[in-house]
Amino acid sequence: MSIIEKFDGLARGYSEHDYADPARYAERRADVVLSTGPAVAPGATILDLACGDANMAEPLLARGYEYVGVDGSGEMIAEAKRRLGDRVALTHELIDRYTPEAEVDVTVCLRAFYYPADRVAFFRDVARYTRCKFVFDFDPRVYSRAEIERDLREAGFAKIVLQPFFLPQRVSVPGPLRVALTLLERSGPLARLALRVRGIWFCAAVPSR
Ligand SMILES: C[S@@+](CC[C@H](N)C(=O)[O-])C[C@H]1O[C@@H](n2cnc3c(N)ncnc32)[C@H](O)[C@@H]1O
C-alpha cells in the first residue's frame, strides 16, 4: 500500500481520530507558525502543503490569513471540502510536483516534510515560490537537525529559526500542564534537553532573496 493509499483510508474523520484535542492543537500550531521567524500581517497567503483534512485552515482564517491547501490524497481533499466547503482553495496534487500559480507569503508543511523523495529539490521549489518563510515541524529523535539545516541552506534558505513545541498530539493535557509546557518551550537549554526525550521542533526557514 502506498503512503497516499494509507492516508486515503484514514481521511474520514481524520482530525478526530489523529488528534486528542484537534481544535486546540491546530490553534497552538497556528500560534507557533505565525510567531516563529519573521512576522506576516493578516491578509497574507499561507500555503499548507500536505494539508490533510486542512485542520489548519480554521485558526488561520480566524486570524485573517488567506489559506490554500494541497494534498496528494484525494480522500483527504474530499474530507477538507466536506469540513470547509468553498471557504478555502484546495488542490489534489503531490507536494513534490505542485507549484502555486503565484508566489505565496508563507508555506507550511506539518508532519509531512519527509514525504518528498528528493528533500533538497523539494526545499528548493518551496524557496522559489515562498516570499517570507517556510515553516515545518520535525522530531529531532528521528531526523537530524544538522542535516535538515544543511539541506535548507543548500536549497537557498538564508536564515533558520527553531522553536521547541511540547503540546502532545495524541493526549489531551489539562490547563495547568499546558501552561507549564508553554513555559518549557521558552526555556532555552532546558527545552533543548527535554527534546532529547519528548516534543518536536518547529523550523522557520527564510529564503535568501
Ligand atoms: C501525517 S498527515 C499530516 C496532515 C496535516 N499536515 C496535519 O498536520 O494534520 C500527512 C499528509 O501528507 C499527505 N502526503 C503524503 N505524501 C504526500 C505527497 N508526496 N504529496 C502530497 N501529500 C502527501 C498525506 O495524504 C497526508 O494527508
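Since we're looking at a predicted model, the values are computed, not measured.

Draft legend 1. Local environment of the packing of helix 6 (residues 119-129) against helix 7 (residues 145-154). Helix 7 packs onto helix 6 with a crossing angle of 50 degrees between their chain directions and a minimal axis gap of 8 Å. As judged from the angle between their axes, helix 6 and helix 7 are oblique. Judged by the twist between their axes, the crossing of helix 6 over helix 7 is right-handed. When helix 6 is examined against helix 7, the residues Arg119, Val120, Phe123 and Arg124 are found in contact with a partner set consisting of Glu147, Ile148, Asp151, Leu152 and Glu154. Looking at the contact of helix 6 with helix 7 residue by residue, the classes come out as four nonpolar, no polar and five charged.

Draft legend 2. Seen up close, the nonpolar core. Ranked by size, the top nonpolar core spans 71 residues in total, and within it Leu49, Phe136 and Leu152 carry the most contacts. Aside from chain neighbours lying at most four places away, what touches leucine 49 is Val70, Ile95, Tyr98, Thr107, Val108, Cys109, Leu110, Phe122, Val126 and Tyr129.

Draft legend 3. Local environment of the site of the ligand. Taken together, 21 residues form the shell around the ligand, and within it Tyr19, Ala50, Asp71, Ile95 and Leu110 come nearest. Between asparagine 55 and the ligand, the recorded distance is 2.9 Å, taken from a side-chain N or O atom to an oxygen atom. One of the backbone N or O atoms of leucine 110 is found 2.9 Å from a nitrogen atom in the ligand. Expressed as a share of its isolated accessible area of 600 Å², the protein-covered part of the ligand is 96%. For the shell around the ligand, the element with the most residues is helix 1 (residues 3-10), which contributes three residues. Split by residue class, the shell around the ligand holds 12 nonpolar, four polar and five charged.

Draft legend 4. Up close: the environment of arginine 63. Tracing the sequence through the fold places arginine 63 in the loop between helix 4 (57-62) and strand 2 (66-71). For arginine 63, a relative accessible area of 24% gives the class partly exposed. For arginine 63 and isoleucine 46, which are 17 residues apart along the polypeptide, the C-alpha to C-alpha distance reads 12 Å. When sequence neighbours within four positions are dropped, the list of residues in contact with arginine 63 reads Glu27, Ala30, Asp31, Leu34 and Pro42. Polar contacts involving the side chain of arginine 63 include one to the side chain of aspartate 31, which spans 2.4 Å.

Scoring rules and cut-offs
Residues numbered from 1 in each chain as written. Predicted model: local features only at pLDDT ≥ 70, side-chain atom pairs only at ≥ 80, totals over all residues. Heavy atoms only, no water. Axes fitted to C-alpha atoms, helices over the stretch in contact; angles between N-to-C directions. Helix = DSSP H or I, 4+ residues; strand = E, 2+ residues; numbered from the N terminus. Parallel < 35°, antiparallel > 145°, perpendicular 65-115°, else oblique. Left-handed = near helix turned anticlockwise from the far one by under 90°. Contact = heavy atoms within 4.5 Å. Nonpolar A, V, L, I, M, F, W, Y, C, P; charged D, E, K, R; others polar. Core = buried A, V, L, I, M, F, W, Y, C linked by side-chain atoms within 4.5 Å. Buried < 20%, exposed > 50% of the residue type's maximum accessible area, 1.4 Å probe, protein only. Near = heavy atom within 4 Å. Polar contact = N/O pair within 3.5 Å; in protein donor to acceptor, adjacent residues only side chain to side chain. Areas by Shrake-Rupley, 256 points an atom, 1.4 Å probe, with all protein chains shown as cover.

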